[in-house]
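Chain by chain, the residues run as shown.
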Amino acid sequence: MNTEIASQTNEQAAPQVKKESFIHKLMSTIGPDNLSLIFALILLVFLITVASAWFGLSGGDRFFSWQNLMNSLAQAIVIVGLLAIGQTVIIIAGALDISVGSIASIGSVVAASVLAGIGTVGSLGIFPKDSALMAVVAGILAGMVAGMINGFIVTYLRVNPTIATLGTLAAFAGIAFLLAPEGKPIGVVTQPDFTYLAQGRFLTDLPLPAMGGAKWTGIPILTVILVIVAIFVHVIMRYTDFGRAIYAIGGNAVAARLAGINLTRIRVMMYMLSGGIAGLAGVLLAARTTSGNPVNGNGLELQAITAVFLGGAATSGGKGTVFGTFLAVILVGVLNNGMNLLGFNTFTQRVALGLLLIVAVAISQWRQARAERARSRA
Amino acid sequence: MTMTDIAPSISNIPDPQELEGKPGTLEIRNVSKAFPNVQALNNVSLDIRPGEILAFMGENGAGKSTLLKIINGDYQPDSGTLSMDGETLEFSNPLAAHKAGIRVIYQEPEIIPGVGVAENIYVGELPRRLGIVQRRKLNEQVKRSLIEYGFDKVLPMDLMGDQLSSAQRQIVEIMRTLKSGVRVLALDEPTSSLSDEEVDRLFTLIRRLRDEGVAIIYVSHRIKEILQLCDRVAILRDGNLIAVKPAKDLNDAEIVRLMVGRELKDIFSRKPAGSDNEVLRVENLNSNWHNQIDFKINAGEVVGFAGLVGAGRTELAKVIFGDLPINSGKIILDGQEVKIRRPDEAIAKGIGFATEDRKREGLVLIRSVLENASIAILSRISRFHFVSSRLERLAISGFIDKLQVRTPSLNQPVGKLSGGNQQKVVLARWLAAKPKVLILDEPTRGIDVGAKAEIYRLIDELANEGLGIMLISSELPEILGLSDRIYVMQNGQITGELDGATATEEEILGLAMVDQLTTSSTENSTVSQERN
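Residues numbered from 1 in each chain as written. Chains lettered and ligands numbered in written order. Predicted model: local features only at pLDDT ≥ 70, side-chain atom pairs only at ≥ 80, totals over all residues.

### Details of the overall build of chain A
Thought 1: On a plain count of helices and strands, chain A comes out with 17 helices and 4 strands.
Thought 2: Here the C-alpha atoms of chain A give a radius of gyration of 22 Å, agreeing with the 21 Å that 2.2 N^0.38 yields for 378 residues.
Thought 3: With the C-alpha coordinates of chain A rotated into their principal frame, the extents come out at 65 × 55 × 40 Å.
Thought 4: Within chain A, the proportion of its 378 residues that are buried is 48%.
Thought 5: Contacts in chain A between residues at least 24 apart in sequence constitute 77% of all its contacts with a sequence separation of at least 6. (Helix = DSSP H or I, 4+ residues; strand = E, 2+ residues; numbered from the N terminus. Rg over C-alpha atoms; globule rule 2.2 N^0.38 Å. Buried ≥ 20, exposed ≤ 12 C-beta atoms within 10 Å, placed from the backbone. Contact = placed C-beta atoms within 7 Å.)

### Remarks on the pairing of strand β22 (residues 468-472) of chain B
Residue and element names in this part refer to chain B.
Thought 1: Of all 5 residues that make up β22, 5 are buried, and the element is covered over most of its length.
Thought 2: Judged by which residues are buried, β22 turns out to be covered on both faces: Gly468, Met470 and Ile472 on one side and Ile469 and Leu471 on the other are all buried.
Thought 3: Where strand β15 (residues 302-307) and β22 come together, 4 bridges link them in parallel fashion. Among the inter-strand pairings, Val302 is bridged to a residue of β22, identified as Ile469.
Thought 4: Note that strand β21 (residues 437-441) and β22 share 5 bridges and pair parallel. The residue bridging Val437 from the neighbouring strand is Gly468, located in β22. (Pairing = 2+ DSSP bridges.)

### Examining the sheet that holds strand β24 (residues 493-499) of chain B
All names here are of chain B.
Thought 1: Strands sit in the order β18-β21-β22-β15-β23-β24 across an open sheet of 6 strands; the sheet is mixed. Pairing within the sheet leaves two strands with one partner each, and these edge strands are β18 (351-354) and β24. Pairwise comparison of adjacent strand axes, ignoring direction, gives a mean angle of 20° for this sheet.
Thought 2: Summarising the sheet, β18 and β21 pair through 4 bridges and their orientation is parallel. The residue bridging Ile351 from the neighbouring strand is Val437, located in β21.
Thought 3: Where helix α19 (residues 505-513) meets the sheet, it contacts β15, β23 (485-490) and β24, and its direction lies at approximately 30° from that of β23. (Axes fitted to C-alpha atoms, helices over the stretch in contact; angles between N-to-C directions.)

### Section: the packing of helix α15 (residues 389-402) of chain B against helix α16 (residues 419-432) of chain B
All names here are of chain B.
Thought 1: Taken N-terminus to C-terminus, the directions of α15 and α16 make an angle of 130°; their axes are 9 Å apart at the nearest point. Classed by the angle they form, the pair α15 and α16 counts as oblique. As for how α15 packs across α16, the hand of that crossing is right-handed. Contact with α15, carried on its side by Ala395, Ile396, Phe399 and Ile400, involves Ala428, Leu431 and Ala432 of α16 and no other residues of that element.
Thought 2: In the contact of α15 with α16, the residues fall into 7 nonpolar, no polar and no charged. (Parallel < 35°, antiparallel > 145°, perpendicular 65-115°, else oblique. Left-handed = near helix turned anticlockwise from the far one by under 90°. Nonpolar A, V, L, I, M, F, W, Y, C, P; charged D, E, K, R; others polar.)

### Observations regarding helix α10 (residues 252-260) of chain B
All names here are of chain B.
Thought 1: Listed as buried for α10 are Asp252, Ile255, Val256, Leu258 and Met259. Down the axis of α10, the smallest arc covering the buried residues is 165°, so these residues share one side.
Thought 2: Structurally, α10 contributes buried residues whose contacts are with β3 (52-57), α9 (223-229), β11 (232-237), β12 (240-246) and α19. (Arc of directions from axis to C-beta.)

### Focus on the domain arrangement of chain B
Thought 1: Segmentation of chain B into domains returns domain 1 (3-10 + 26-107 + 166-260), domain 2 (112-163), domain 3 (277-350 + 435-504) and domain 4 (362-434).
Thought 2: Taken over C-alpha atoms, the centre of domain 2 of chain B sits 54 Å from the centre of domain 4 of chain B. (Domains from an automatic or database assignment.)

### Here's the deal with the nonpolar core
Thought 1: Of all hydrophobic cores here, the largest spans 263 residues; its most connected members are Leu83(A), Ile246(A), Leu284(A), Ile469(B), Leu471(B) and Ile508(B).
Thought 2: Per-element tally for this core: the top contributor is helix α14 (residues 263-289) of chain A, with 14 residues.
Thought 3: With residues up to four places along the chain from it excluded, the contact list for Leu284(A) reads Val78(A), Ile79(A), Leu197(A), Ala198(A), Leu222(A) and Ile225(A). (Core = buried A, V, L, I, M, F, W, Y, C linked by C-beta atoms within 7 Å.)

### Describing the interface of chain A and chain B
Interface size is commonly expressed as the accessible surface area that is lost when the partners come together.
Thought 1: On the chain B side, the residues contacting the 29 residues of chain A number 34 residues.
Thought 2: For the side of chain A that touches chain B, the elements supplying multiple residues, two or more each, are α1 (2-8), α12 (241-251) and α13 (253-258) of chain A.
Thought 3: Broken down by element, the residue count for the side of chain A that touches chain B peaks at 6 residues, all from α12(A).
Thought 4: For the side of chain A that touches chain B, the per-class residue count stands at 16 nonpolar, 9 polar and 4 charged.

### Some words on helix α8 (residues 196-211) of chain B
Residue and element names in this part refer to chain B.
Thought 1: Under the 1.5 Å per step criterion, the end-to-end length of α8 is 22 Å for 16 residues, consistent within 8% with the ideal 22 Å.
Thought 2: Structurally, α8 contributes buried residues whose contacts are with β3, β9 (184-188), β10 (215-219) and α9.
Thought 3: Where α8 ends, the next residue or the one after it, Gly213, has phi of about 100°, a positive value. (Expected span 1.5 Å × (residues − 1).)

### As for the confidence of the model for chain B
Residue and element names in this part refer to chain B.
Thought 1: Taken as a whole, chain B shows an average pLDDT of 84; of its residues, 88% reach a score of 70 or greater.
Thought 2: A low-confidence stretch, residues 517-532 stays under pLDDT 50, and its non-local contacts, those more than four residues away or across chains, total 21 contacts.
Thought 3: Model confidence for the complex: the whole-complex pTM is 0.74, and ipTM, which rates the interface, is 0.84. (pLDDT = per-residue confidence, 0-100.)

### Some words on unusual backbone geometry
Trans is the common state for peptide bonds, and a negative phi is the common state for residues other than glycine.
Thought 1: The backbone of Arg158(A) sits at a positive phi, close to 55°, despite the residue not being glycine.
Thought 2: Inspection of the secondary structure assignment puts Arg158(A) in the loop between α8 (132-155) and α9 (161-179).
Thought 3: Of note, Asp85(B) is a non-glycine position whose phi angle comes to about 50°, a positive value.
Thought 4: One can find Asp85(B) in the loop between β4 (79-84) and β5 (87-89).

Shown next, in the form of structure tokens:
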């Protein structure tokens, strides 16, 4: 962010900025944290595709095929990716939202409920039946309401964010069941516009050669949505007063308040943003599974939080980027995907994911400590 | 350097030679200690004698705490020595000082919340047999010593650490020191949170320890207590030892005179430009910290708020700024009564507040100079919530230049700048916000002399441009040199209003320190009644 602003200004008003080479500029735009993520990603791909063969593992050669990249990998990262992007905002502000998995469940049930015209929300008749657009809107709104509740609990009731959303994790999971008719999944949802969200393809006609024995079939709409949301949140965090406030609160909430940031309003808004994105993730889950299932979002929050910390956000707040989270989501996706290809079972994958998070945070803590030592010497 | 060189105006410091000899005397010789930008102690020589209570007095920043910390092994002197019985003492940490029988009791003793009084007293030295704590023996020991020192009623043994009052915590800390054979005991403002009865008990204990041959250092701002309790008084000023006198030769006025005795430096060049145009009036303000506060600030006026640390000045700023709750009273800004519930409302109505603690309350250290400077005007530099980097630079860079903030770029994390430059970033923020009233809380704390002078010049300039400035400072020369009018606060109340041109440090300290209800020896009490 900083380098971009610098390049836009006239040099007279600003104190002298040193001329930097293109490579240097690019590197500092990406940031050292993101650079190490990119290296980790390249290393991981190398391990999967080349090094695995040295250890007698087979399957790594299937990584680079359109089938694997566009169907398995690109779709697998979408839901966790969305939740992680919302979570990034919260974690930069120095808080946490554990309830996003349950909010996704609510979004999933509400969307299916509106589409089918049954269940608590569907039978209200506010949203017209059989409209995919209305289903999406209802799912997002439900998520925003849930986020607003989180925000009120954290601000007005002054409950620690971790505890508050741990509570609403359970409560929202229950509400997802209560919203479904008799607590049962709503499905099978076959409205074509709605299932297009999960099954549709974008840019199917791109003249790309076949790769790994599979033809180019386009980018999944799911992935397109993930990228759009990522860009949307990225822009908010980087260019708006809201984004400035989030970074300031995470960096030093007391100073931010005394400089005129309305902490309550910003915190409620950020939980609404995270909730709305989680609601959208739930809608997409419903589209992919063709059912509004109250357990759709279970357990997703841990993967989302993992990705944010892996992406370079600081546990203490004030630091982190949407881009970093996005890279981390891809990294986790590639890890899971590669281990699938190489024939590791899901239990091993979970162990690997857990270790990855701990290693990533340990490295970040070590770097922070080193930076602080350097500062105290200065 | 001889002693007379350090304190040319006062020559009654006893010749070190005549003090030597008494066993158990802690001899401090030529101790100096510097921190970046400040000489905290300058060639201090002093004897702390067994069987005597010696008071340390001085203004905030005079060097009392630094001296205590050197005695306690928290700091090591840059030069000079400590010795006892002819043996040089070098403490690399407080534990080493403890071993030599030196204990310093700070205002907030370390207490372990989850365990009882006895365990807290014997922490680290619990009586054990075969690795098991002998609880009965422990309780008996503690009970016996509590009765012996008369604290058995005040400090019930069944209380847990977190249930103890401040006074009880002090007693626990004192009991800790007693059981391990203390030779030099220092108490740092021990009575600040005690009731009268508790103070009496504490004094009884201190006198008893003195009579048993312990050397006692007593640090306090309360002149009355000092005169009542102490045998000798050592007065520090700007890191120099100014005088050591028997308490019986001193009185309130004399102590205050010795503590101050400073000439104003010519770095202040305030030309009063106050108008009659009132920008801020506070009427009958009451809060959890304050009682009946009335004051006003005119446009173009620098109004100093003097007082000791803890007098309620910072809290007053925060109440006005909407950061702490107000219980009753009126705040009138530009002739209109305003209700301010949050800092953002205060800023919107034209109040700026540069906090005393830059790092904790002022700046987001990991964010850039630019972001820190523009944070208070985000809505003004945003269009449809998008921060315009053009408007942002336009609003900020002028002030960054004017204040001569030394930073490689506006994108530098503000935490990497020096203290003085950080403070200038805070000032740039508030100048950009274009307030009517600017509250400056200790604006020059922890910054070097050069930057100080620049900030003084700036304050003068801002006032001349019509800003009303509320200047909170614990440095009296700063208050006297800059203020057009001065309010003095003590214990949550305004005890007097003085004219900036004629006020003296003695007057201010009198109003700030001397208990207004009990002292009638000086003209101070009449001044306090003259306000408004």
